[in-house]
Amino acid sequence: MMNLGPLTIDLILCGLTFGVLSVDLALPHGRKRALGYLTAVLLAGLFVVSFFIDVSGSALSGAYQGDAWVLFFKRFALVAGVFVSLGAVDYVDRHFPTRQGEFWVLMLFTLLGMTLLPGARDLLLLIVCFELMGLPLVVLASFAKSEDKTGPGQFAPEAGLKLYLVSSVSTAITLYGVSIIYGLSGTTKLAELGGVGVSPMLFVGLAFALAGMGFKIGAVPFHMWVPDTYQGTSTPFVSFLSVAPKATGFAALAAVLILGFAHQKAAWAPLVLFVLVTSIFFGNLFALAQKDLKRLLAYSGIAQVGYMMIGLLTADAYGMGMLLFYIAGYLVTNMGAFLVLHAVAPNRSTITLDDVRGLSRRSPRLALALLLFLLSLAGIPFVVGFWAKLYVFMAAYRAGYTWLVLYGALMAIVALFYYLQIAKAAYMEEPTDAEPIRVDGSLDAVVMACMALVVVMGLYPSPFLQGAMAAARALFG
Amino acid sequence: MADLLNVIVYLPALGALLLASLPPLEHRNLKATAIAVTTLNFLLSLILWSAWSPAHAGFQFETNVGWIQSFGIRYHTGVDGLSFYLILLTTFLVPVTLLGAWNAVETRVREFVIAILVLESGMLGAFVALDLFLFYVFWEAMLIPMYFVIGVWGGQRRVYAAVKFFIFTMAGSLLMLIAILYVANVPTGWDFSWASAVSRNFDPTLQAWLFGAFMLAFAIKVPMFPVHTWLPDAHTEAPTAGSVILAGVLLKLGIYGFVRFAYPMFPQAAIAYAPIIGGLAVAGIIYGAVAAWVQPDMKKLVAYSSVSHLGFCVLGVAAVTVEGMTGAVYQCLAHGISTGGLFILVGVLYERRHTRLLSDYGGLARKVPVFATFLVFTALASAGLPTLSGFPGEFMILLGTFTAASPLDQIVNVPGLGGIRMAQVLTVLGATGVILAAVYLLWMVQKVLFGPLQDPANERIADLSVREIAVMLPLAALMIVLGLFPGIFLKGIEPSVQRLVTTVHQKAGQTYQADAGAKRLNWLPAGPGARPALQRPLRIDPNRLRLAPGRFDALRPEDIRRPPTP
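Quick look at the structure, then. Values in this document were obtained by computation on a predicted structure and should not be read as measured data.

What counts and how
Position numbers for residues count from 1 along each chain, tracking the sequence in the order it is written. Chains carry letters from A onward and ligands carry numbers from 1 onward, assigned in written order. Predicted model: local features are reported for residues with pLDDT of at least 70 only, side-chain atom pairs are reported and counted for 80 or more only, and whole-chain, interface and lining totals are derived from all residues. In computing side-chain values, all of the structure's heavy atoms are included and hydrogens and water are not. A run of H or I in DSSP becomes a helix once it reaches four residues, and a run of E becomes a strand once it reaches two; helices and strands are each numbered from the N terminus. Our radius of gyration is a C-alpha quantity, and the globule rule it is checked against amounts to 2.2 Å times the number of residues to the power 0.38. Working definition: with a 1.4 Å probe on protein chains only, accessible area under 20% of the residue-type maximum means buried, over 50% means exposed, and in between means partly exposed. Between two residues, a contact is recorded if the distance between any of their heavy atoms is within 4.5 Å. For every accessible area listed, the method is Shrake-Rupley and the probe measures 1.4 Å; residues are considered covered only by the protein chains on display. A cavity, in this analysis, means grid points on a 1 Å lattice covering only the protein atoms where a 1.4 Å probe fits yet has no way out; a pocket is instead an open set bounded by protein on both sides within 12 Å along at least five of seven lines, and a residue lines either one if it has an atom within 4 Å of a point. Grid points are joined across faces, edges and corners, and a volume is the space filled by probe spheres set on the points. Three classes are used, and their members are as follows: Ala, Val, Leu, Ile, Met, Phe, Trp, Tyr, Cys and Pro are nonpolar, Asp, Glu, Lys and Arg are charged, and the others, Gly among them, are polar. Each pair of strands is called paired provided DSSP finds at least two bridges between the two strands. Buried surface area refers to the total accessible area, computed with a probe of radius 1.4 Å, that the two partners give up upon joining, counted for both partners together. A pair is scored as a salt bridge if a Lys or Arg side-chain nitrogen falls within 4 Å of a carboxyl oxygen belonging to Asp or Glu. Polar contacts here mean pairs of N or O atoms no more than 3.5 Å apart (in protein, one a potential hydrogen donor and the other a potential acceptor; neighbouring residues in sequence count only if both atoms are side-chain atoms). In plain words, nonpolar cores are sets of buried Ala, Val, Leu, Ile, Met, Phe, Trp, Tyr and Cys residues tied together by side-chain atoms within 4.5 Å. Ring geometry is summarised as follows: Phe, Tyr and Trp rings, the Trp one being its six-membered ring, pair when their centres sit within 6.5 Å, and such pairs are stacked at plane angles under 30 degrees, edge-to-face over 60 and tilted between the two.

### Here we look at the overall build of chain A
So, step 1. What chain A contains, in helices and strands, is 20 helices and 2 strands.
So, step 2. Since a compact globule built from 477 residues should have a radius of gyration of about 23 Å, the 21 Å found for chain A is in line with a globular shape.
So, step 3. Buried residues in chain A amount to 65% of all 477 residues.
So, step 4. Within chain A, contacts between residues separated by at least 24 positions form 81% of all contacts whose residues are at least 6 apart in sequence.
So, step 5. Taken as a whole, chain A presents about 15,600 Å² of accessible surface, with 69% of it coming from carbon and sulfur.

### Observations concerning empty space enclosed by the protein
Residue and element names in this part refer to chain A.
So, step 1. Applying the stated criterion across every chain, the model contains 13 cavities of 30 Å³ or more.
So, step 2. In this structure, the largest cavity occupies an estimated 110 Å³ of space.
So, step 3. Lining of the largest cavity is provided by Met133, Gly134, Leu137, Leu163, Val166, Ser167, Ser170, Phe215, Lys216, Trp225, Leu241 and Pro245.
So, step 4. When residues of the lining of the largest cavity are traced back to their parent elements, those giving at least two are α5 (123–141), α6 (156–185) and α7 (200–217).
So, step 5. When residues of the lining of the largest cavity are assigned to their parent elements, the largest contribution, 4 residues, is made by α6.
So, step 6. Across the lining of the largest cavity, the residue classes tally to 8 nonpolar, 3 polar and 1 charged.

### Section: the pairing of strand β6 (residues 418–421) of chain B
All names here are of chain B.
So, step 1. Here strand β5 (residues 411–414) runs beside β6; their pairing, made up of 4 bridges, is antiparallel. For Val412, the partnering residue across the bridge sits in β6 and is Ile420.
So, step 2. Where β5 hands over to β6, the hairpin turn is made up of 3 residues, of which Gly416 adopts a positive phi near 95 degrees.

### Here we look at the interface of chain B and chain A
So, step 1. Contact residues are listed per partner, giving 35 residues for chain B and 36 residues for chain A.
So, step 2. Surface buried jointly by chain B and chain A totals about 3,300 Å² across both partners, of which 78% is contributed by carbon and sulfur atoms.
So, step 3. There are 0 salt bridges connecting chain B and chain A.
So, step 4. Taken together, the links from chain B to chain A amount to 5 residue pairs in polar contact (both at pLDDT 80 or more).
So, step 5. Of all elements in the fold, only β1 (60–68), α5 (132–141), α6 (143–153), α7 (158–184), β3 (185–186) and β4 (189–190) of chain B reach the threshold of two or more residues within the side of chain B that touches chain A.
So, step 6. No other element matches α7 of chain B, which puts 13 residues into the side of chain B that touches chain A.
So, step 7. Among the residues making up the side of chain B that touches chain A, the classes are represented as 27 nonpolar, 5 polar and 3 charged.

### Considerations on unusual backbone geometry
As a rule of thumb, non-glycine residues mostly have phi less than zero, and peptide bonds are mostly trans rather than cis.
So, step 1. Residue Pro221 of chain A is bonded to the preceding Val220 of chain A through a cis peptide linkage, with omega at 5 degrees.
So, step 2. Within the secondary structure, Pro221 of chain A is located in the loop between α7 and α8 (225–232).
So, step 3. We note that Ala315 of chain A has phi near 55 degrees; this positive angle belongs to a residue other than glycine.
So, step 4. Positionally, Ala315 of chain A belongs in the loop between α12 (293–314) and α13 (317–344).
So, step 5. With a phi close to 80 degrees, Thr387 of chain B is a non-glycine residue in the positive phi region.
So, step 6. Residue Thr387 of chain B is classed as partly exposed on the basis of its relative accessible area, which comes to 45%.

### Quick look at the nonpolar core
So, step 1. Counting residues in each nonpolar core, the largest one holds 412 residues, and the members touching the most others are Phe240 of chain A together with Phe258 and Tyr263 of chain B.
So, step 2. Ignoring any residue separated from it by four or fewer positions in sequence, one finds Phe258 of chain B in contact with Met215, Phe218, Ala219, Val222, Met224, Tyr263, Pro264, Val314 and Val317 of chain B.

### Overview of the side chain of Thr187 of chain A
Residue and element names in this part refer to chain A.
So, step 1. Relative to the elements of secondary structure, Thr187 occurs in the loop between α6 and α7.
So, step 2. Polar side-chain contacts of Thr187 include one of 3.0 Å to the backbone nitrogen of Lys189.
So, step 3. One polar contact links Thr187 to Glu192, side chain to side chain, over a distance of 3.1 Å.
So, step 4. Beyond its immediate sequence surroundings of up to four residues, Thr187 is in contact with Tyr182, Glu192 and Leu193.

### Focus on the pairing of strand β2 (residues 73–79) of chain B
Looking along a regular strand, one sees side chains alternate from face to face of the sheet.
Residue and element names in this part refer to chain B.
So, step 1. In terms of burial, β2 is largely enclosed, as 6 of its 7 residues are buried.
So, step 2. Pairing analysis gives 6 bridges linking β1 to β2, with the strands arranged antiparallel. The residue of β2 that forms the bridge with Ile68 is Ile73.
So, step 3. Between the antiparallel neighbours β1 and β2 lie 4 residues, among them Gly72 with a positive phi of about 60 degrees.

### Description of the packing of aromatic side chains
Residue and element names in this part refer to chain B.
So, step 1. Evaluated as defined, the whole model comprises 58 aromatic pairs over all chains.
So, step 2. Judged by centre distance (6.4 Å) and plane angle (45 degrees), the rings of Tyr10 and Phe138 are tilted. Of this pair, Tyr10 sits in helix α1 (residues 2–21) while Phe138 sits in helix α5, and the two are 128 residues apart along the sequence.
So, step 3. Accessibility expressed as a relative area gives 30% for Tyr10, which makes it partly exposed.
So, step 4. Given the relative accessible area of 6%, Phe138 is considered buried.
So, step 5. Where Tyr147 meets Phe148, the ring centres are 5.2 Å apart and the plane angle is 65 degrees; that geometry is what we call edge-to-face. Here the two residues Tyr147 and Phe148 agree in accessibility, since each one is buried.

### Side note on the layout of surface pockets
So, step 1. In this model, the largest pocket occupies a volume close to 1,600 Å³.
So, step 2. If you trace the largest pocket, you find 39 residues lining it, with Leu368 and Leu372 of chain A together with Ala16, Ile114 and Val118 of chain B closest to the centre.
So, step 3. Among the elements of the structure, α16 (364–378) and α19 (441–459) of chain A together with α1, α4 (109–128), α5 and α6 of chain B are those that each provide at least two residues to the lining of the largest pocket.
So, step 4. Residues of the lining of the largest pocket, tallied by class, amount to 32 nonpolar, 3 polar and 4 charged.

### Concerning the pattern of salt bridges
So, step 1. Scanning the entire structure with this criterion turns up 23 salt bridges over all chains.
So, step 2. The closest approach of N and O atoms between Asp355 of chain A and Arg348 of chain A, which form a salt bridge, is 2.8 Å.
So, step 3. Judged by its relative accessible area of 11%, Asp355 of chain A is buried.
So, step 4. Residue class for Arg348 of chain A comes out partly exposed when judged on its relative accessible area of 42%.
So, step 5. One salt bridge connects Glu468 of chain B with Arg352 of chain B, and the closest N-O pair in it is separated by 2.8 Å. Placement of Glu468 of chain B in helix α20 (residues 466–484) and of Arg352 of chain B in helix α15 (residues 322–353) is noted, with a sequence separation of 116 residues between them.
So, step 6. Here Glu468 of chain B falls in the buried class, since its relative accessible area comes to 4%.
So, step 7. Through salt bridges with shared partners, one network takes in Arg33, Asp90, Asp93, Arg94 and Asp440 of chain A.

If you want it as structure tokens, here you go:
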């Protein structure tokens, strides 16, 4: 019998997806809000279950691998899924009351792609998983009422189309790169790629493969879709889109670069270095000029990706552990920040500084949450983002990239300007609309959970860090 | 007693939590609660003082437990003579300030007192931290509440001032973080402890870079000329309580950073660059004083006076002598009390007339005699009148700068002038700062209190209330105590400073003789046995320092290079 142990979580998730689909058929109109809660509960349950089952080992004749590294990403996707379901349930219920089932099923499918991918040890399986994740995201991004010409969905088709075009082009580029790699090595198994000698052709193949993944994580120079898509799509979905696919993209990058081409680091390190330096630079620079907060956070996310890539650049267990910690901190921080924006303007997809102006008067709790998220993004002590930045800097030091630490720190000062601009508007300016903000209960709960995690991970990072380090060590065997 | 120290550090933060969780309260009750918490904290620190042994040069009341073990980050706290009195100053100033600003803040009072309490915890934490990392964390933690204090409750241009304050400080501290990481990156892993950082010897070139990074962070905080530009804005726009805490304690953290971290960790660089630091300090003294003189705005005047007074502290530190450094720490205390008092008095006027312009006042002495008495008294203390608090510190600093034991005592060739004795020139120029201080402070006193009473609005101005007198009385008393009985504090400061100065000189490969009257340069290389800690040969190139020939007849390059180890 085939050993499907490493795929247990994914198989259960697949089953749950069809379960939600059937429940959707059975639920009458007007009661479909329950689907969002159901999704959240099922994902949370699966997250708990993931602590009690053994998913280590190898499956599908070595094409699939389960270990602590893979499990980290699976859990990460599940947590992101729980947060987004609770954060978006009210939005989905109000705007697409009859099509909630489709929304949640698509969400579960994209999550399935995310849980599957990190374990893929074959280039083709990797790309299939990428598409399983990517296509539902496109549909979710363009989710809007067809009659909706002025509402929050007015730009959603455009956003979805951009995501679709970029996504398909990037897949094509990746495939092209993979075909070159296959031509050189004669195999698609990651474990067998290591024997390829460093050659100009390998450089080309890697460059193409990396370009495709660069699109997914939204790194410069493949970032053009990010701000447009974020701006046009519904905010709760952006909270998910800005975090979860990035983690999966990093899992894919780590699989190709570290499992496949660890010995050819000389060929890919300059590419990674170029991408991360330009991402940090242009992300921060463009964020400075943004008036739309979702675009601002989009550019800040581009810069954050650059910082995360420092972990990848070091290509050792130490650096990858730091990368995982960074992504985990980024999950709670960035999702929280977007969800606060959503709570402030639940019926619009365009959110500007005017919306958060005087937020501390309108909702002290949301203002405090937003402040903590911004401080975390900026990397100020006592919140998780500080440790995240610090740890990647430490990893860079260890790997000998002292100048990169200096560069990263200087760019972090630039980032302060725009993060402070939001905090300033929220706390130091008078509201344009003094009405207190009413927040949907489950959305409020997610924001508070994110805030609590940002603080807890900020005050006591040790256990989380150790978890991340253990996961990273698994990647290196 | 170590526990008591930790309680003192976290009590304000706990008070802030308490205030945050209380149901809606009247403003009076919120302020009263905050004052009660901080007063209790002050009383606790007095208890700590009774257990404190001043003659002990090392750390007392230490706590040392693991925090983030995998990175060698420990929760290590303790106090010595350098930090202890600054802690007392902090716990004393905060309740006094809150009482002084009773009426100054009427909006969002709960947030205001929470910010002040968190700020107090941050400052105290930075003073007690003996782990580089812990220090950095507290150092940054002070930033956010202060940012809000300026930005939310400040004056007209508060947001600009707050952002400028934040960016300046953050820029400096990020560079410091990089240097901290560099220092902590030891071959066996990470080690952030202060003790191990101080016990190591870095290559002189490396030292220069690391010292530069630390110095920049601290110099911005002090603030030293020419990175002082955030201070006048921040001070002027901050509410009274913010200004008092900023001037009273926050700036001192810069000086404290010099003496606790930058100097003992990078002694060779500290001594090699002493002339530059001393020169900038004197530039700050004179620039700050002249700038203060021409300010039409009282608060700005006091702000620039801080630039000048803190210049003295930097000069004392740069001298690396026991007198100079003791004077610097003492001047920190004195300046905290007197400038705090000045800011409170300016705030009193502002609350009554809503203007800070000198030209709007005049002739107040007859209308508000009690206020006038306190203003004259505080101004004189700030100007360094003997018998008042400003005098002993400045005197010791100038003395310590003048002595031959200082690395400032070199002959520098100035084109056109020939060789000049740096220490003497710096001392003379620094001393003019004392005169200038008298000029601008008395100028302010004269403009506000004396002359004809022109503005009719000043006719109805009220004198100090009982509350305000209650605030000013302890400050005035301390100005006298600090002026007449400096020994109370000096006996605790000196042993630690002595230890620090000896360490710095020893690690830099010199013997330091505290004999200030020595005519000859005592700054001589010791025999190999006297400096076992020095790992690498000391490279001092007399040509680069532009020393005049003949002056160092006893000192030749081959003397400085450490003899090869057998």
